[in-house]
Amino acid sequence: MRNSSPEPSPLRTAVLAQLGGAAATFLFVAGLSRISSADFLRIPLLIALLQGGLAAMIALKLHSPRWWLPIHLGFMPLGVIVHGLDIAPGWFLAAFVLLLLVFWRTDQSRVPLYLTNAATAAALLKRLPDTPCRILDLGCGDGGLLRRLALARPDCLFTGIEHAPLPWLVARLRCAGLPNVTILRRDFWSVSLGGHAVVYAFLSPAPMPRLWAKAQREMSPGALLISNSFAVPGQPAEATIEVADRRNTRLFLYHPVPDG
Ligand SMILES: C[S@@+](CC[C@H](N)C(=O)[O-])C[C@H]1O[C@@H](n2cnc3c(N)ncnc32)[C@H](O)[C@@H]1O
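Residues numbered from 1 in each chain as written. Predicted model: local features only at pLDDT ≥ 70, side-chain atom pairs only at ≥ 80, totals over all residues.

Draft legend 1. Molecular detail of the overall build of the protein. Of regular secondary structure, the protein possesses 9 helices and 7 strands. With the principal axes as the frame, the protein shows a C-alpha extent of 80 × 45 × 35 Å. Across the protein, the fraction of contacts at a sequence separation of at least 24, relative to all contacts at a separation of at least 6, is 65%. (Helix = DSSP H or I, 4+ residues; strand = E, 2+ residues; numbered from the N terminus. Contact = placed C-beta atoms within 7 Å.)

Structure follows, in structure tokens:
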């Protein structure tokens, strides 16, 4: 799967910052220990804090978003603290595998898992065509939204595409008894958007330009693209629905047509 953003990969930037912080800390500590035998040079947590500070500074220089800075500051110090807790390595492997199964390649897709709430699902339901049609959820997560919509509109056919194994499995199980829902484990960039009256996306800002280009190429004439929370940059929405929920959700509505 291609990275949909022209920006450098945030994971690469993070690794660079951490390695740079580690190298600078090593040089600093090695240099200082030649001229001093100070005790603090043997305190791993202090050295880890120094590494965290330097990694955060490098991340700042590399134009990392500011929310990465506390992660850089805390990563190595937390590693040192957790190392001292003497936890069996199998637990770390299990946690890693679990996170991988839930979030899959978020480092590439830049789309984490969060779910459409009930108020937004109700607003969405009102915007579905009155006549039977096909509806596609790009990245359907745990299938909760599709289940809700499919129960309310048994005359419509719903398809959910999900690439993360665990959410996909949960979606399959949740929608198993519904004849009007199909859940596919795919990368949605490889799935055609044609033939659907409504394409729903709740993604992140990163893939929106690429999604717009795909929608323009593939969506059927008159079909509606609804994006939860993330507008298409530089493309005024034809309508915006303000949902009366706690996070002030906004739905952006478009009828993509090919350029030119
Ligand atoms: C923000 S969640 C939205 C879940 C669901 N649509 C909802 O509204 O409740 C986005 C989902 O898209 C999935 N996803 C991201 N990129 C994907 C891709 N290229 N192909 C398939 N699924 C993807 C993620 O794994 C995640 O479950």
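Draft legend 2. Structural detail: the site of the ligand. By nearness alone, 24 residues border the ligand, and Ser109, Thr116, Gly139, Gly141 and His163 come closest of all. Broken down by secondary-structure element, the contributors of at least two residues to the shell around the ligand are helix H7 (144-152) and strand E2 (157-162). Along the lines of polarity and charge, the residues of the shell around the ligand split into 15 nonpolar, 6 polar and 3 charged. (Near = placed C-beta within 6 Å. Nonpolar A, V, L, I, M, F, W, Y, C, P; charged D, E, K, R; others polar.)

Draft legend 3. Broad picture of the sheet that holds strand E3 (residues 181-185). The strand order across the open sheet built from 7 strands is E3-E2-E1-E4-E5-E7-E6, with neighbouring strands paired in mixed fashion. Both outer strands of the open sheet, E3 and strand E6 (239-242), are each paired with one neighbouring strand and no more. The average undirected angle you get between the axes of adjacent strands in this sheet is 20°. Here strand E1 (residues 134-138) runs beside strand E4 (residues 198-201); their pairing, made up of 4 bridges, is parallel. Within E4, the position partnered with isoleucine 135 by the bridge is valine 198. (Pairing = 2+ DSSP bridges. Axes fitted to C-alpha atoms, helices over the stretch in contact; angles between N-to-C directions.)

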